[in-house]
Amino acid sequence: MLAQSVSRRAAMSNAANISLGRETLSGTVAKIVMALAGFVGSIVFARVLGPTMFGGVYLLLGLVRIVDRPMSGWAAAGKKRLSESDNLRNEALGANLLFNTLWIIVVTIGILLFAKSLREYTGLLAAPLLLILLLSSESVFITLERLVQARGRISTAVWLDTVRSYLTLGLQLLLVIAGLGAVGMIVGLAGASLATLPIVVFYLSARPRTPSKELLRRYWRFAKYSIPSDALGTIYDRLDILLLGAVLTPTVAGYYEAAFKLTIPAIFIAEVAGSGLMAKTSAISARGGNIHLDIENTISFTSLIAIPICFGTLVFADEIIVTAYGGAFAAAAPLLIALAIYRVIRTQSGPLLQAVNGLDRPDISMRLSAIAVVVNIVGGIGLILWIGPVGVVVSTIAAESIRYVGAALLLKQELTTINLIPHSLLEQVGAGLAMFIIVTSIQSFIQINSWVYLALIIGLGGFTYFLFLFAVSSKFRMTLQSAVPSVKIV
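Owing to the predicted nature of the structure, the values given are computational and were not obtained by experimental measurement.

Conventions used here
- Residues numbered from 1 in each chain as written.
- Predicted model: local features only at pLDDT ≥ 70, side-chain atom pairs only at ≥ 80, totals over all residues.
- Heavy atoms only, no water.
- Helix = DSSP H or I, 4+ residues; strand = E, 2+ residues; numbered from the N terminus.
- Buried < 20%, exposed > 50% of the residue type's maximum accessible area, 1.4 Å probe, protein only.
- Polar contact = N/O pair within 3.5 Å; in protein donor to acceptor, adjacent residues only side chain to side chain.
- Contact = heavy atoms within 4.5 Å.
- Salt bridge = Lys/Arg side-chain N within 4 Å of Asp/Glu carboxyl O.
- Expected span 1.5 Å × (residues − 1).

Colleague: Please clarify how the side chain of glutamine 348 should be interpreted in this entry.
Modeller: Secondary-structure assignment places glutamine 348 in helix α14 (residues 333–358). By relative accessible area, which is 7% here, glutamine 348 ends up buried. At a separation of 3.1 Å, a polar atom in the side chain of glutamine 348 contacts the main-chain carbonyl oxygen of isoleucine 299. Residues contacting glutamine 348, with those up to four places away along its chain left out, are Ile299, Thr302, Ser303, Tyr404, Leu420 and Leu425.

Colleague: What is the right way to look at the pattern of salt bridges in this model?
Modeller: Pairing is possible between side chains of opposite charge, provided their charged atoms come close. Taken as a whole and judged by the stated rule, the model has eleven salt bridges. In this structure, glutamate 138 and arginine 164 form a salt bridge, with 4.0 Å as the shortest nitrogen-oxygen distance. One end of the pair, glutamate 138, is in helix α6 (residues 127–150); the other, arginine 164, is in helix α7 (residues 154–177), with 26 residues separating them in the sequence. Just as glutamate 138 is buried, arginine 164 falls in that class too. Among the salt bridges present, the one from arginine 361 reaches glutamate 414, with a minimum N-O distance of 3.8 Å. A residue pair is termed long-range when its members are at least 10 positions apart, and arginine 361 in the loop between α14 and α15 (362–387) and glutamate 414 in helix α16 (residues 390–414) qualify at 53 residues. For arginine 361, a relative accessible area of 26% corresponds to the partly exposed category. By relative accessible area, glutamate 414 is classed as partly exposed at 40%. Each of Arg65, Asp68, Arg69, Glu138, Asp161 and Arg164 takes part in salt bridges that share partners, so that together they form one network.

Colleague: Explain helix α3 (residues 69–84) to me, please; I cannot follow it from the model alone.
Modeller: Residues separated by three or four positions in an α-helix point in the same direction, a consequence of the helix having 3.6 residues per turn. With 16 residues, α3 extends 23 Å from end C-alpha to end C-alpha; this agrees with the ideal 22 Å at 1.5 Å per step. Most of α3 is tucked away, with 16 of its 16 residues classed as buried.

Colleague: Would you mind showing me how to read the environment of valine 201 here?
Modeller: Mapped onto the elements, valine 201 comes out in helix α8 (residues 181–204). Judged by relative accessible area, valine 201 falls into the partly exposed class, the value being 28%. With 56 residues separating them in the primary sequence, valine 201 and glutamate 145 have C-alpha atoms 8.6 Å apart. Apart from residues lying up to four places away in sequence, valine 201 is in contact with Leu93, Leu144 and Ala206.

All we've got here are geometric facts, nothing functional implied.
This is the structure we're talking about:
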């Protein structure tokens, strides 16, 4: 018994002992490198394909994110159980592959039955086959990547995704140049995902083994909540573009996706840190440890990038959209501002929901996601018809606020001493205001009509923000020192 106890503690140590600061820093750098590929690709393909075909591609990707949610929810259960015991790698891999295969067969039958509707909705003739292709490649990659995260290798998983992104960009450019258009974008993504899968399995250090009935039961105890929660969460995440495509046109969906892409960097830290927080809280709470400090430290800096982006879009929304995508996308400027505000809220709510899952309460996440989806659908349709496309994002801001409050209340109940509005967060808002004032003042003297001027003034704004934060926030300086111990910060 003693030997088994020691063995189990050793097996659990991978996720429990990770350094969230270092993993988040490395993962965020990977996200930034990855974003460069996505940003370049979005600009090139938006200009080549135009708003309508560009919107059609992302309508299809939005559908993929919905139909693959059972796979993702099952993978979330795998991440939870593997984070509890590293000895389950082989069985966890087998359980994921088994479920993925069965679900792909089920969805393929459904896709073939509704092939005509898929073509009409996306405007892509090959939509049914492309959907099956993405489900069998990209979706499988994402589910196995979660198992790598469960072993505490958070930044490794993000770097793997970064490699896949650059391979995707290269393949997509070749195929689009070859004349395949929107189809080339989808096939490039699928091909890169398949090519990267063996590397994911290598870092997982596992060979698939038939899972035991006991493990499947443990999976199901989590998955019966994580599957609907993941489905609701993703419907909610992509509901904006799906509603715009259904209520308005693929062209408006293209405007939305352009603005959406530009605000993605805002959530880099929150995504990486939240993923690591889930694994760490799961491992520590399974041993009865205290996790409130890990949560506080994480949410102190998950909005670090989102806040200056939000203030920046208030000043330069029109210039950023037109400079990046061209005059055809000028109508996306209001969407850019609204999405930047939403991202700030999301960078706080996301990690809190991950912590809730780490506490083995996926039922709470599911209920909050269900409420958010209802609010977003009802409010989104009504606001689209009332104030136009930006109405759907206003509805999303309200729904995300509900998710934040719900997760915060649960954590306050479970961890009574936790502080969910850290002083560091207020310091970041102050730095953002200082940046806003300075950049707005300079803008009145400069006409921004090229990439050069736009890059210079955005760079100045970023420098002002971080300089102010470095000067006033001792915790920011301490966090930098912890994440990069080789750098001496006075």
